[in-house]
Amino acid sequence: MSGRQYRRHPGTSPALAPAAILRPSAGAGMGLVRPALFLLGSALLCTQHRSLSRGASGFPRAEAAHRLQQAPAPPRGPATQDCGSAPLRDAHTGSRIVGGREAQTGVWPWLVSLQIQNNHNLFHVCGGSLVRDRWVLTAAHCTKQTRDPLKWRAVVGTNNLHKSHSYTKKIKVKAIILHPDFIVKTYVNDIALFYLKKAVRYNNYIQPICLPFDTFQKLNENTACFISGWGRTKEEGNGTHILQQAEVHYISRKICNSERSYAGAIPNTSFCAGDENGDYDTCRGDSGGPLMCYLPEHKRFFVMGITSYGFGCGRRYFPGIYSDPSFYQEWLTDHFSKARATGIFNVDILIVQTLTALGSIIFLATM
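Sequence order as written defines residue numbering, which begins from 1 separately in each chain. Only residues with pLDDT of at least 70 are given local features in this predicted model, and only at 80 or more are side-chain atom pairs given and counted; all residues enter the totals for whole chains, interfaces and linings. Calculated side-chain values reflect all of the structure's heavy atoms, with hydrogen atoms and water omitted.

Q: Any chance you could break down the overall build of the chain for me, citing the residues and the numbers?
A: Each helix corresponds to a stretch of at least 4 residues labelled H or I by DSSP, and each strand to a stretch of at least 2 residues labelled E; elements are numbered beginning at the N terminus. In terms of helices and strands, the chain carries 4 helices and 14 strands. Looking at the chain as shown, the accessible area adds up to about 18,500 Å², and 55% of this sits on carbon and sulfur atoms. The accessible surface values rely on the Shrake-Rupley method and a 1.4 Å probe; as for residues, cover is taken only from the protein chains in view.

Structural data, given as structure tokens:
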């Protein structure tokens with residue numbers, strides 16, 4: 001077995017508006033104005049310094065946490081998020097990936113091609129799902145070649161890797177975060193996050209997919225699910241530069257862990273999907289991509305699985321195995337929150353620098 005990447009071996013402030021500085025005229029009041037302005041600037045600086053001195057390593061953890069707690073909590077449930085909608089998607093049913101067909105442009109606007117840069121060339125390694133404007137969800141084993149974020153690029157808003165459009169974005173990666181309990185040999189906890197260097201702007205070709213938090217729905221054989229990627233279209237074949245898609249269904253643990261299938265090797269944090277006869281399946285190069293399921297009660301698509309590994313491609317009784325993101329809700333939301341807290345920290349630093357400079361300018365202007 002291997003990951004679907006190699007498919008498969010058993011075993012990764014607001015800126016302050018400019019204001020006019022009024023220069024006081026000389027007179028009896030000047031002696032009072034200068035000390036007052038100096039004290040005001042000093043007080044502002046002192047207040048910010050105390051804020052920044054909270055927490056270990058100089059990070060304003062208490063302040064950031066306090067601000068996050070004071071902020072109104074967003075309503076729970078995926079339906080409150082602008083996610084899981086594909087403006088350009090037709091009502092057609094999909095079904096090459098293995099056994100699939102070419103995907104229409106913009107049909108899966110959250111699909112990401114994770115690519116490694118080699119000299120001046122980029123080559124596709126794995127798929128991923130855009131789940132926030134700076135976050136891509138993928139499989140941990142995709143980083144087997146390198147975990148250096150400087151060598152990676154995320155390409156969003158395309159179905160053809162050989163063409164680039166005005167809406168296609170190639171974005172540098174700032175950080176790669178693997179689940180701390182990922183086991184390379186068994187692909188347990190095969191989940192990772194790529195944090196982009198800058199946020200993407202959503203359009204008809206770039207949209208986030210919903211995470212399966214608070215959906216309270218389990219997959220069954222009747223759930224409409226799809227796979228999509230740029231991987232091989234057959235086990236010994238080549239990858240494709242045109243995005244492929246296929247419709248698949250959930251396969252029960254009882255069947256997938258039976259003796260004629262994976263014989264109990266599927267962990268509780270993973271599950272099987274595809275086709276018992278192997279007609280539709282993911283393959284090498286599809287790793288990290290999403291199992292996308294449409295939940296009618298929410299009228300949205302959710303990333304219910306992350307393409308992980310399997311035995312061969314399109315083999316009977318050996319469907320694809322997918323990591324279940326719902327098991328990692330706490331880990332995922334923790335990193336999303338830390339990123340927001342870091343943003344607050346950066347804003348605090350900017351405020352201190354701005355106030356320091358402003359206080360100095362005001363004081364010097366009165367001299």
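Q: An account of the nonpolar core is requested, with residue identities and associated values reported.
A: We define a nonpolar core as any set of buried Ala, Val, Leu, Ile, Met, Phe, Trp, Tyr and Cys residues linked to one another through side-chain atoms lying within 4.5 Å. Think of it in three bands: with a 1.4 Å probe and only protein chains considered, a residue is buried below 20% of the maximum accessible area for its type, exposed above 50%, and partly exposed in between. With 60 residues, the main nonpolar core has Trp108, Trp110, Leu137 and Leu332 as its most contacted residues. Within the residue set of this core, elements represented by two or more residues are strand S3 (111-118), strand S4 (121-132), strand S5 (135-138), strand S6 (152-156), strand S7 (169-178), strand S8 (192-196), strand S13 (300-310) and helix H4 (329-365). Only heavy atoms enter the contact rule, under which two residues are in contact if any of them lie within 4.5 Å. Beyond its immediate chain neighbours, meaning those up to four positions away, Trp108 contacts Arg89, Ala103, Phe226, Ser228, Leu243, Gln245, Met292 and Phe301. Core analysis: the next-biggest nonpolar cluster, separate from the first, contains 16 residues, Ile227, Phe271, Ala273 and Met304 among them.

Q: Provide a residue-level description of the sheet that holds S8, including the pertinent values.
A: The rule for pairing is simple: two strands pair if DSSP sees at least two bridges between them. Reading around the circumference, S3-S4-S5-S8-S7-S6 is the order of the 6 strands in this closed barrel, with antiparallel pairing throughout. If you compare each strand with its neighbour and ignore which way they point, the axes differ by 45 degrees on average. Where S6 and S7 come together, 4 bridges link them in antiparallel fashion. Paired with Ala154 across the two strands is Ile171, which belongs to S7. Working convention: axes come from line fits to C-alpha atoms, limited for helices to the stretch in contact. Angles between N-to-C directions cover 0 to 180 degrees.

Q: Explain the pattern of salt bridges to me, using residue names and the numbers behind them.
A: The term salt bridge refers to a pairing of a side-chain nitrogen on Lys or Arg with a carboxyl oxygen on Asp or Glu at a separation within 4 Å. This model, assessed by the stated rule, comprises 1 salt bridge. Between Asp334 and Lys338 there is a salt bridge, and its shortest N-O distance comes to 3.5 Å. A residue pair is termed a helical-turn pair when its members lie 3 or 4 positions apart in one helix, as Asp334 and Lys338 do in helix H4 at 4 residues. We classify Lys338 as partly exposed; its relative accessible area is 48%.

Q: Now, about the pairing of S5: what can you tell me, with residues and values included?
A: Going residue by residue along S5, you find Trp135 and Leu137 tucked away on one face and Val136 and Thr138 tucked away on the opposite face as well. Both S4 and S5 contribute to a ladder of 3 bridges, which runs antiparallel. Bridging from a neighbouring strand, Arg132 pairs with Trp135 of S5. Count of turn residues in the S4/S5 antiparallel hairpin: 2 residues. Pairing of S5 with S8 involves 4 bridges; the strand directions are antiparallel. Bridge pairing in S8 links Val136 to Phe194.

Q: Just give me the short version of the packing of aromatic side chains, but keep the residues and values in it.
A: Ring geometry is summarised as follows: Phe, Tyr and Trp rings, the Trp one being its six-membered ring, pair when their centres sit within 6.5 Å, and such pairs are stacked at plane angles under 30 degrees, edge-to-face over 60 and tilted between the two. As enumerated under the stated definition, the model contains 15 aromatic pairs in all. On the numbers, 5.1 Å between centres and 55 degrees between planes, the contact of Phe311 with Phe318 is tilted.

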